[in-house]
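Remarks on the overall topology
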Amino acid sequence: MAPVSGPGTKKGILERLESGQVVVGDGSFLITVEKRGYVMAGLWTPEAVVEHPNAVCQLHMEFLRAGSNVMQTFTFSASEENMESQWEDVNAVACELARDVTGKGDALVAGGIFQTSIYKRHKDEARVKKLFQLQLEVFTRKNVDFLIAEYFEHAEEAVWAVEVLKESGKPVAATMCIGPEGDKHDVTPGECAVKLVKAGASVIGVNCRFGPDTSLKTIKLMTEGLQAAGLKAHLMVQSLGFHTPDCGKGGFVDLPGYPFGLEPRVATRWDIQKYAREAYNLGVRYIGGCCGFEPYHIRAIAEELAPERGFLPPASEKHGSWGSGLDMHTKPWVRARATREYWENLLPASGRPFCPSLSKPDI
């Protein structure tokens, strides 16, 4: 199968999903850009959009070449609450950068909003919705293709976000950063899914906080909840690029290694091919990643699902399927690794003999 850039005519997100098309999301921005020296860990605000736009564009381009069909605006924590006078410029420029890159391939721009701090402190619906509305005004002015409410710990706040975004008339996706135990108010994944669909979200699922295996378990519970309620929605998963089987309810932020010691947990490209296939088999058609999900992970999704999509991404020009490029290596024992069987069955070592394989969450 030759690498190509995909179909020439762009369809909207719902048109793609309703036709059964696989939509490949993008991956990590905050953690990746922090590692590259453009974001300060802590509040995680995206000033890099205006301070280092070329760096942001470069990462968008890497995801596009790897097979992403969606460029999410780099607007995490870019609300008036977190960025004061800078928030509007950051949101506007983030839309422009994402749009510039989508023009180079078959991708859509998604404007993204995220949970607020004031919800936890005050639960003031009017104040929370006002923050969402301010960002929505910018996204509407910049004419993004669809909207995503993501990284919500509480179903109630996620519902408020969906209600605001629906006012635009654009398609709305909503994902929560929860595991199988549900949200912080003990609302189950199935109940969360039902609430999001009833609020008006056309695409629902999970993102961040948990690794591939846990995220898929949560998606399964969401699906069961929708089926029990007689509801339907398109499914979306954007897990961490880290393995987190030892997480508690709060996810990877409670692990002692967060955020600067997570590298030993990074998923291999083969782990992500498995994740993509399992997500597809669960009925998920919007598959991407979040923190720790690098462009080569996105390429792994695109390659695993190339038979369903009908093409490979441009980045596959430099990547042999299942390590097949290794058959040109000068060492025979390395050439012997140029098989799917080898990589599917590999149990990778961490190289850290004095470190535990799991840790205990701080909470």
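Residues numbered from 1 in each chain as written. Predicted model: local features only at pLDDT ≥ 70, side-chain atom pairs only at ≥ 80, totals over all residues. Heavy atoms only, no water.

Focus: the overall build of the protein
In terms of helices and strands, the protein carries 16 helices and eight strands. For the protein, whose C-alpha radius of gyration is 20 Å, the value lies close to the compact-globule estimate of 21 Å for 363 residues. Each principal axis of the C-alpha atoms in the protein carries an extent, and together these give about 65 × 50 × 45 Å. In the protein, buried positions account for 55% of the 363 residues. (Helix = DSSP H or I, 4+ residues; strand = E, 2+ residues; numbered from the N terminus. Rg over C-alpha atoms; globule rule 2.2 N^0.38 Å. Buried < 20%, exposed > 50% of the residue type's maximum accessible area, 1.4 Å probe, protein only.)

Notes on helix H8 (residues 125-141)
An ideal rise of 1.5 Å per residue puts 24 Å on 17 residues; H8 measures up with 24 Å between its terminal C-alpha atoms. Listing the buried residues of H8 in full gives Val 128, Lys 129, Leu 131, Phe 132, Leu 134, Gln 135, Leu 136, Val 138 and Phe 139. Taken together, the buried residues of H8 touch helix H5 (80-83), helix H6 (87-102), strand S3 (108-114), helix H7 (118-122), strand S4 (146-152) and helix H9 (155-166). At the N-terminal end of H8, a side-chain oxygen is found 3.2 Å from the backbone nitrogen of Ala 126, two or three residues along, and the residue is Asp 124. One or two steps after H8, the chain reaches Asn 143, where phi turns positive at roughly 55 degrees. (Expected span 1.5 Å × (residues − 1). Contact = heavy atoms within 4.5 Å. Polar contact = N/O pair within 3.5 Å; in protein donor to acceptor, adjacent residues only side chain to side chain.)

Side note on the packing of helix H11 (residues 212-229) against helix H12 (residues 269-281)
At a minimum axis separation of 10 Å, H11 and H12 run at an interaxial angle of 5 degrees. Relative to H12, the element H11 lies roughly parallel. Only Ile 272, Lys 274, Tyr 275, Glu 278 and Ala 279 of H12 make contact with H11, whose side of the interface consists of Pro 212, Asp 213 and Leu 216. (Axes fitted to C-alpha atoms, helices over the stretch in contact; angles between N-to-C directions. Parallel < 35°, antiparallel > 145°, perpendicular 65-115°, else oblique.)

A closer look at the pairing of strand S6 (residues 203-207)
The element S6 is extensively covered by neighbouring structure, given that five of its five residues are classed as buried. With burial as the criterion, each face of S6 is covered, one bearing Val 203, Gly 205 and Asn 207 and the other bearing Ile 204 and Val 206. Pairing between strand S5 (residues 172-176) and S6: four bridges, direction parallel. By the bridge assignment for S6, Ala 173 is matched with Val 203. (Pairing = 2+ DSSP bridges.)

Structural notes on the pattern of salt bridges
Under the criterion given, the structure shown has 19 salt bridges. The salt bridge involving Lys 129 is made with Glu 163; its shortest N-O contact spans 2.8 Å. Of this pair, Lys 129 sits in helix H8 while Glu 163 sits in helix H9, and the two are 34 residues apart along the sequence. According to the relative accessible area criterion, Lys 129 is buried, its value standing at 18%. Between Lys 184 and Glu 153 there is a salt bridge; the shortest N-O distance is 3.2 Å. Placement of Lys 184 in the loop between S5 and helix H10 (189-199) and of Glu 153 in the loop between S4 and H9 is noted, with a sequence separation of 31 residues between them. Since its relative accessible area comes to 39%, Lys 184 is described here as partly exposed. (Salt bridge = Lys/Arg side-chain N within 4 Å of Asp/Glu carboxyl O.)

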